[in-house]
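Structural overview for review
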Amino acid sequence: MELGLYLHFPFCVSKCPYCDFNSYQLKEDNQISSYISAIYKEITAYSQKLKKSNIRTIYFGGGTPTILSGVQIYSILEFCKDKFTIDKNAEITIEANPGTLDGEKIKLLTESGINRLSLGAQSFNDLLLKKLGRIHNAQDIIDSYYLARENGFNNINIDIMFALPDQTTKDLQTTLEKAISLKPDHLSLYNLTIKPGTEYYKKYKRGKLKLPTEDEEFDMYNRAINFLKENNFEHYEIANFARPYKRSMHNLIYWQNKPYLGIGAGAYSFIKGYRYMNYENPARYIKEIMSGKLPVDNGEKLSLRKRMIETIILGLRTKDGISYKEFNKRFKVDINNTFYRQIKKLVNLGLLEKDDCKIKLTNKGIFLANTVFREFVD
Amino acid sequence: MLKDYHCNIENIRNFSIIAHIDHGKSTIADRLLEYTGTIPEREKREQILDDMDLEREKGITIKSKAVRLYYHSKNGKEYILNLIDTPGHVDFSYEVSRSLAACEGALLIVDASQGVQAQTIANINLALKNNLKIIPIINKIDLTTANPDRVIQELKNISEIKEEEIILASAKEGIGTSDILEAIVNKIPPPKGSSNLPFRALIFDSVYNSYKGTIVYVKVVDGVIKPGMVIQTMSNNLNYEVAEIGIFRPKMQPIKKLTAGEVGYIIAGFKNIKDTHVGDTIIDASNPSKESLPGYKKVTPLVFCSIYPIDNKEYENLKIALEKLKLNDSSIFSEAETSEALGFGFRCGFLGLLHMEIIQERLEREYDINLIATTPSVMYQVTKKNGEILKISNPASFPPKNEIEKIEEPYVKVNIITPSKCLGGIMELAQERRGSFKNMEYIDEKILRLDYYLPLNEIILDFYDKLKSISSGYASLDYELIGYQSSELVKVDILINHQLVDALSFILHKDKAYTRARKIVEKLKEIIPRQMYEVPLQATIESKIIARETIKALKKDVTAKCYGGDITRKRKLLEKQKAGKKRMKKVGKVEIPQEAFLGILKI
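Residues numbered from 1 in each chain as written. Chains lettered and ligands numbered in written order. Predicted model: local features only at pLDDT ≥ 70, side-chain atom pairs only at ≥ 80, totals over all residues.

Across its full length, chain A holds 16 helices and 17 strands. Relative to the globule expectation of 21 Å for 378 residues, the C-alpha radius of gyration of chain A, 21 Å, shows essentially globular dimensions. Referenced to the eigenvectors of the C-alpha coordinate spread, the extents of chain A come out at roughly 60 × 50 × 45 Å. Considering only intrachain contacts with a sequence separation of at least 6, the fraction spanning at least 24 residues in chain A is 70%. (Helix = DSSP H or I, 4+ residues; strand = E, 2+ residues; numbered from the N terminus. Rg over C-alpha atoms; globule rule 2.2 N^0.38 Å. Contact = placed C-beta atoms within 7 Å.)

Bringing the overall build of chain B into the picture now. Within chain B, the regular secondary structure consists of 14 helices and 33 strands. The C-alpha radius of gyration computed for chain B amounts to 27 Å, which stays within 12% of the reference 25 Å derived for 603 residues, consistent with globular compactness. By principal-axis analysis of the C-alpha atoms, chain B measures approximately 85 × 70 × 60 Å. Counting all 603 residues of chain B, 46% fall into the buried class. Pairs at least 24 apart in sequence give 70% of the contacts found in chain B among residues at least 6 apart. (Buried ≥ 20, exposed ≤ 12 C-beta atoms within 10 Å, placed from the backbone.)

So, about the interface of chain A and chain B. Taken together, the contacts link 35 residues of chain A with 20 residues of chain B. Taken together, the residues of the side of chain A that touches chain B sort by class into 21 nonpolar, six polar and eight charged. (Nonpolar A, V, L, I, M, F, W, Y, C, P; charged D, E, K, R; others polar.)

Let's shift gears to the domain arrangement of chain A. Considered domain by domain, chain A is made up of domain 1 (2-255) and domain 2 (321-376). Its C-alpha centre places domain 1 of chain A at a distance of 30 Å from the equivalent point of domain 2 of chain A. (Domains from an automatic or database assignment.)

On to the sheet that holds strand β20 (residues 371-373) of chain B, then. Note: strands within a sheet are paired through backbone hydrogen bonds, in either parallel or antiparallel orientation. All names here are of chain B. If you trace the four strands from one edge of the open sheet to the other, you get β18-β19-β17-β20, paired in antiparallel fashion. Each of the sheet's edge strands pairs with one partner strand only, and the pair in question is β18 (333-339) and β20. On average, each strand axis in the sheet is tilted by 30° relative to the strand beside it, whichever way the strands run. As paired elements, β18 and strand β19 (residues 343-350) share seven bridges and run antiparallel to each other. Bridging across to β19, Ser334 finds its partner in Cys348. Against the sheet, helix α8 (residues 353-366) touches β17 (303-309), β19 and β20, its axis set at about 165° to β20. (Pairing = 2+ DSSP bridges. Axes fitted to C-alpha atoms, helices over the stretch in contact; angles between N-to-C directions.)

Looking now at unusual backbone geometry. Note on backbone geometry: most residues besides glycine have negative phi, and most peptide bonds are trans. With omega at 25°, the peptide bond leading from Gly62 of chain A into Gly63 of chain A counts as cis. As for its placement among the helices and strands, Gly63 of chain A is situated in the loop between β4 (54-62) and α2 (70-83). In this structure, Lys183 of chain A is a non-glycine residue whose phi angle is positive, near 55°. Looking at the secondary structure, you find Lys183 of chain A in the loop between α6 (169-181) and β8 (186-191). Even without being glycine, Asn237 of chain B reaches a positive phi, approximately 55°. Locating Asn237 of chain B in the fold gives a position in the loop between β10 (230-233) and β11 (238-241).

On a regular strand, one side chain projects to one face of the sheet and the next to the other, so that they alternate. In the sheet, β10 of chain B pairs with β11 of chain B via four bridges, with the strands oriented antiparallel. What sits directly across from Thr233 of chain B, in β11 of chain B, is Leu238 of chain B.

To continue, consider the sheet that holds strand β15 (residues 322-323) of chain A. The three strands lie next to each other as β15-β17-β16 (chain A), forming an open sheet whose pairing is antiparallel. Only two strands of the sheet have a single partner each, and these edge strands are β15 and β16 (352-354) of chain A.

What follows is about the packing of α2 of chain A against helix α3 (residues 103-112) of chain A. Residue and element names in this part refer to chain A. Their axes nearest at 8 Å, the elements α2 and α3 cross at an angle of 10°. With respect to α3, the element α2 is oriented roughly parallel. Of α3, the residues touching α2 (which contributes Gly70, Val71, Ile73, Tyr74 and Leu77) are Glu104, Lys105, Leu108, Leu109, Glu111 and Ser112. For the contact of α2 with α3, a count of residues per class yields six nonpolar, two polar and three charged. (Parallel < 35°, antiparallel > 145°, perpendicular 65-115°, else oblique.)

By the burial criterion, the buried members of helix α6 (residues 177-187) of chain B are Ile180, Leu181, Ala183 and Ile184 of chain B. Angular distribution of buried residues about the axis of α6 of chain B spans 160°; they occupy a single face of the element. (Arc of directions from axis to C-beta.)

Looking at chain B, pLDDT values average 87 and 92% of them are 70 or higher. For this predicted complex, the interface confidence score (ipTM) comes to 0.91, while the overall pTM stands at 0.71. (pLDDT = per-residue confidence, 0-100.)

Now for the environment of Ile263 of chain A. All names here are of chain A. Among the secondary structure elements, Ile263 is positioned in strand β11 (residues 260-263). You can call Ile263 buried: it has 22 C-beta atoms within 10 Å. C-alpha of Ile263 to C-alpha of Tyr40: the two residues are 223 residues apart in sequence and 9.3 Å apart in space.

Let's shift gears to the environment of His72 of chain B. Looking at the element boundaries, His72 of chain B is found in strand β2 (residues 65-72). Sequence separation between His72 of chain B and Glu182 of chain B is 110 residues; the distance between their C-alpha atoms is 9.6 Å.

So, about the nonpolar core. Counting 161 residues, the largest nonpolar core has Ala106, Leu107, Leu108 and Val218 of chain B as the members making the most contacts within it. Look past the residues within four positions of Ala106 of chain B in its chain and what remains in contact with it is Phe15, Ser16, Ile18, Leu100, Ala127, Leu132 and Ile134 of chain B. Counting residues in each nonpolar core, the second largest holds 110 residues, with Tyr35, Ala242, Leu261 and Tyr279 of chain A among its members. (Core = buried A, V, L, I, M, F, W, Y, C linked by C-beta atoms within 7 Å.)

Put into structure tokens, the structure is as follows:
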């Protein structure tokens, strides 16, 4: 079995006001070392069962994985190599916050075998960065970027956010131009969503957040797509753009609804049709694993129907869409039969296009993807 | 406690408590019940007589109740006191008037800091109309803001009430309770009837019980009633055999007979609550009294709206729920109706806005049915050119303009009590609502009373809220129907995506049509989510467009981030959104949320 491996690090220097990820402000350094011990135990627990699986991608996500020291990251990866079978061409990515990198750390990252870096830049506008609660400014991004290049990273992603409070289409354009001038291999473009439980949500509810209108958001997204395409980026997933051969292999596993193992607090796994999730709270996660149990909070065996639907709504996010052949091979049914009504309706609405071998979102469909997905869910 | 309760009619006192809302009616009742030992210590709670959840929550009485108290007076005699608790709100004034007709006296409660309010005056007039002895009580004298001297002056200014008759009380602190009981015994006259005359009783309320059927609340005026007797309701000459009679303590307690002057209940196999009208007279079928008791009249609903289930499958449930509610409340009017936009539902009539709100809330809460209610309307009288006269409450049923000779609308006489400093604002409001000024008089130097004639249509929506906001909550309002007057009314239709949504049509004065139509299409634009297509919204009078807006087509509906773990969560979110869309009403291709129908009520 081929497998993706995700490792979650739920700590940050500070919690950004818009963020609803499973992450916490780091209070004491020893939180990290006990968390790493727990991760080791969890990896060990899976190592026997999954020894035969071929791990094609590894992803250090967070939080801020680079809040760890270079040595810690290096050791974790060595531990993984020891416990799992890792493909020699594996894509190994680490997310990094521009404020948490230095030359020495980056050197250790490359030496450990990490070959892809994802920089959480978010914007190149210092004022907006400040409002977002980021700990870095635009210059820090540029410095981190060149540091990574100089130290041998030849696959770098830059994360950019849009539809920020008080942001204009022009702001976004300037940010994208600056990002492109660095010649990254990959660019992720996310629009800000206001999630319950965040500081932004509270502000929003009090009417203190001036967000762009739907029309402005459309405009930003539309212009960004065109701009990035003009600059030879392939728009291969709703929010992701890549230079040739630089798609994110790890994320493609998700979008193709293929198996992966998630390690760490709040991490999800999808193995043999089971989708399950670890305890989100790091202390709880550590406690469970230390008492010899798997730290699984909840999960479900997905029915065939649900797996089909999830495969469709993930697959349609990508430019490749869903191949009839692949779908048939996996589920032993013809997608054009099982979802005849939905596909017909969406094609008529101009949201979906079909050819001889696949269905995919139209340009209009990309902007209205949720409308399309809602059609497929039960 | 009395062993033989059938004491002489001379020792019976029947009374009500009347008060403006929040002046402490229920608390006074609680104290009387406690003082006379009617409620055992362990069953004490607030608002004892209000047992409906809504009553306790809103702090109001919706249904009339009766309770019998036994009181040992300072004069050494034992008395039966029947307290008949009545709804306090103007919507229920007919029920109140029937309850009062069963009494010989009334406790008039006035808040010591708020003083005389609109309903205080309405209550005094109602009590006088029913020849009741009024016992004035100034309540809440313990409040730091209490000003009993001022209130005494106000009472003297508005009525014949004598200062020495006024009792100062604090129901909260238990002050004045025994004075009140003594006044009931000494000031209120005993009932006038005689046990030797043929049986006559007044129905002052009725309730439905699923085991016992309809239970009527009565005051026996003359004669005696016993189980086994055959009785007749005078308005429809229907006969029934009495199965059970009893009194309220406050729970129902069966007894062997009820005699002249007593208050209690009768169970007699009444099939339908519709057959037992509040205000009707019950007589002995074998020895019928010829004379009916005064006061019976058919109640007419004033406020109408259409009620539809959001989910058409719930129509049957709604039908059953409405029938059940009607069992306990014969003043609800309902008839089946079909709307092109909303499907199957009911046109309903209510005594007033509060009554309407209460019924809608009970349908949603007690019967768990999600409803769409249309904008409340009144009953119009339309005279067609061919001479035909129609009574129409539903704008959708209005004939075309060219067939109409004239339209008349109901007018009410509104009585407002307000601090004099708010006079300007209130006059402006009344003016804006097409009111005509009738009278103004000062109750004291700071408080005055205003009389206006207003179209009912203008006050059913938010007049009360506006009045309260202008006066920082101090002004109060009471109204009564005075008749119909012809007006220049027009029907405004709303078209969504060029399709008429009959349920959104409304009637109003032609001078206001444009502004209101403008506001409604703006509001709809805000509430109706963007659809796949551009959706025009139009307001029209006789197909002439008077306002329009456009809901732009949905442009962006996409979640940027979606990775491994999120997908099941995301799928569930999409499922939930899809279910939400199913709850919307589809008009043509357009999905309209329930809020659209509710939202425009608030304009």
